[in-house]
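Listed below are the residues making up each chain.
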Amino acid sequence: MLSDAYRPEVDLVPAPAKNHKVLGRLSLPERTFVADALRTETVGGVLLLAAAIAALIWANTPIRESYESVRDFHVGPASLGLDLSIEHWAADGLLAVFFFVAGIELKRELVAGDLKDPRAAALPVVAALCGMAVPALVYTLVNVTGGGSFDGWAVPTATDIAFALAVLAVIGTSLPSALRAFLLTLAVVDDLFAILIIAVFFTENLNFAALGGAAVGLGVFWLLLHRGVRGWYVYVPLALVIWGLMYNSGVHATIAGVAMGLMLRCTTRKDEGEQRSPGERIEHLVRPLSAGLAVPLFALFSAGVAVSGGALGEVFTRPETLGVVLGLVVGKAVGIFGGTWLTARFTRASLSDDLAWPDVFAVSSLAGIGFTVSLLIGELAFDGDQALTDEVKAAVLMGSLIAAVLSGVLLKIRNAKYRRLWEDEERDEDLDGIPDIYEQDNPAYHLRMAEIHERKAAEHRRLAEVTGGASEENDGPA
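Undergrad: Hey, could you run me through the layout of surface pockets in this one?
TA: Using a probe with the size of a water molecule, rolled over the atoms, empty space left in the structure can be pinpointed. Here the largest pocket defines a volume of roughly 1,200 Å³. Lining the largest pocket are 34 residues, and of these Phe 100, Phe 221, Tyr 235, Leu 264 and Ile 282 lie nearest its centre. Those elements that place two or more of their residues in the lining of the largest pocket are helix H3 (86-112), helix H7 (208-226), helix H8 (232-249), helix H9 (254-263) and helix H10 (278-302). A per-element tally of the lining of the largest pocket places H3 first, with seven residues. Residue composition of the lining of the largest pocket, grouped by class: 23 nonpolar, five polar and six charged.

Undergrad: Looking at this model, I keep getting lost on a nonpolar patch on the surface. Mind explaining?
TA: On the surface, a nonpolar cluster with roughly 510 Å² of combined accessible area is contributed by Trp 232, Tyr 233, Val 236 and Leu 240. Tracing the backbone through its elements, the reader meets Tyr 233 in helix H8. With relative accessibility at 55%, the residue Tyr 233 sits in the exposed group.

Undergrad: Honestly, the pattern of salt bridges in this entry has me stumped. Any pointers?
TA: Pairing is possible between side chains that carry opposite charge, provided their charged atoms lie close to one another. Summed over all chains, the structure comprises 15 salt bridges. A salt bridge links Glu 283 to Arg 287, with the shortest nitrogen-to-oxygen separation between them at 2.4 Å. Taken together, the residues span about one helical turn, with Glu 283 and Arg 287 both in helix H10 at a distance of four residues. Take Glu 283 and Arg 287: they sit in the same class, and that class is buried. Close ionic contact of Arg 318 with Glu 320 constitutes a salt bridge, the shortest N to O distance being 3.1 Å.

Undergrad: Explain the packing of aromatic side chains here, please?
TA: In this description, a pair of aromatic rings is defined by centroid distance and the angle of the planes. As enumerated under the stated definition, the model contains nine aromatic pairs in all. On the basis of an interplanar angle of 80° and a centroid distance of 5.1 Å, the ring pair of Phe 98 and Phe 99 is categorised as edge-to-face. Note on accessibility: Phe 98 and Phe 99 belong to one class, buried. Ring geometry for Phe 337 and Phe 361: centres 5.7 Å apart, planes at 75°, overall edge-to-face. Of the two residues, Phe 337 is situated in helix H12 (residues 319-346) and Phe 361 in helix H13 (residues 357-366); the sequence distance between them amounts to 24 residues.

Reading the values: rules and limits
Residues numbered from 1 in each chain as written. Predicted model: local features only at pLDDT ≥ 70, side-chain atom pairs only at ≥ 80, totals over all residues. Heavy atoms only, no water. 1 Å grid on protein atoms, 1.4 Å probe; cavity = no way out; pocket = protein on both sides within 12 Å on 5 of 7 lines; lining within 4 Å. Points joined across faces, edges and corners; volume = space filled by probe spheres on them. Helix = DSSP H or I, 4+ residues; strand = E, 2+ residues; numbered from the N terminus. Nonpolar A, V, L, I, M, F, W, Y, C, P; charged D, E, K, R; others polar. Patch = residues over 30% accessible without salt bridge, like charges linked within 9 Å, V, L, I, M, F, W, Y side chains within 5 Å. Areas by Shrake-Rupley, 256 points an atom, 1.4 Å probe, with all protein chains shown as cover. Salt bridge = Lys/Arg side-chain N within 4 Å of Asp/Glu carboxyl O. Buried < 20%, exposed > 50% of the residue type's maximum accessible area, 1.4 Å probe, protein only. Phe/Tyr/Trp six-rings, centres within 6.5 Å; stacked < 30°, edge-to-face > 60°.

Functional significance is not addressed by these values, which are geometric in nature.
Okay, here's the thing in structure tokens:
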């Protein structure tokens with residue numbers, strides 16, 4: 001998600017006293033890149049939030065039958081095994097676009113970003129692993145105690161970065177860029193393991209002929225990229241063929257999107273005067289389609305569950321749904337916070353001077369918003385049991401809502417501190433386009449500031465003389 005020029009300093013970076021700082025201030029290029037990336041994600045998150053609310057309203061009003069009719073309407077060529085409902089087209093088709101973008105982000109992280117350096121990758125990887133393992137453990141313990149099904153253990157393991165950023169936009173917190181970058185990188189690692197979970201645990205009844213065809217298609221896709229062939233009219237039809245074969249193979253069709261995203265080159269060739277890699281260019285084109293259309297439409301046809309007092313009560317009494325709620329709210333916060341603390345503890349690191357551990361816990365609780373991928377895994381985990389699927393969806397919505405409210409309260413408590421940090425990062429008194437905090441070691445900056453202060457001092461002396469002369473005249477005899 002972060003290119004080589006923008007490698008984050010959100011990890012453990014050396015300090016003079018052989019100590020490390022966790023969540024230290026980002027470098028200026030990294031801060032700029034993160035701000036641009038988060039702006040796009042935030043817009044997508046707001047659209048996602050609007051689509052989810054629209055789905056809930058549609059499914060809980062007198063016109064709910066029309067929602068079910070549209071959601072269950074089948075369309076597509078049956079001869080190709082693609083006579084799917086609108087809901088399935090959204091989950092298997094549109095989300096492939098979302099995972100294609102996730103694949104590009106992951107590739108860039110692996111070859112040119114934070115995950116390229118094993119030492120730099122330690123914090124987000126450990127935090128993400130703990131943030132997936134603990135929710136799964138919480139779900140399992142609840143269902144062992146309550147005698148429920150273990151099939152949904154993976155539902156509370158995912159984080160929805162777009163929804164989380166939409167919550168930040170709504171509550172208006174001035175979260176420091178280091179914490180935002182940590183959340184962003186954490187989500188990339190989270191997506192990686194969610195992809196692996198879908199591929200490994202939700203694949204059955206393989207059609208090897210279709211799978212072989214998809215593999216051949218991916219090989220052709222890679223060869224065309226390697227040869228430098230350009231043109232959407234070549235890749236889009238090929239991508240649709242690969243997706244169709246992957247769907248019919250028994251492997252979840254979104255894996256096709258991930259595979260194609262991972263094949264794109266995400267490093268620039270400076271000797272050829274390349275400013276942006278092909279992966280960055282394509283991501284720039286496809287991300288609006290993913291964030292503005294694919295994911296909101298998936299939410300529209302997946303989040304529409306009937307909500308009533310009795311249904312909400314069952315969320316907290318049935319082991320499967322209670323496990324999902326506790327996994328998202330408790331498991332995510334404890335897992336990510338614990339993983340971050342353990343990484344700091346065993347690498348002899350210390351937290352950034354500007355932050356406190358409660359800040360890390362607040363961001364960890366924000367990661368409990370597990371909307372898009374959690375809904376998808378819920379559908380896969382309880383496929384064939386529509387009633388339980390809807391209850392698990394309601395649990396995902398409830399858990400995400402509780403996590404959003406909890407993190408919002410925790411972040412609001414510290415918002416005054418965040419605002420001061422944000423203002424420090426934004427201050428640019430010499431008006432050169434670079435925040436002053438990044439120029440403290442630049443002699444030219446201090447010379448410019450000296451000139452600015454000298455001009456201000458001269459103006460104040462002039463005003464003092466003018467006002468002093470005026471007051472002497474006023475004090476004279478009438």
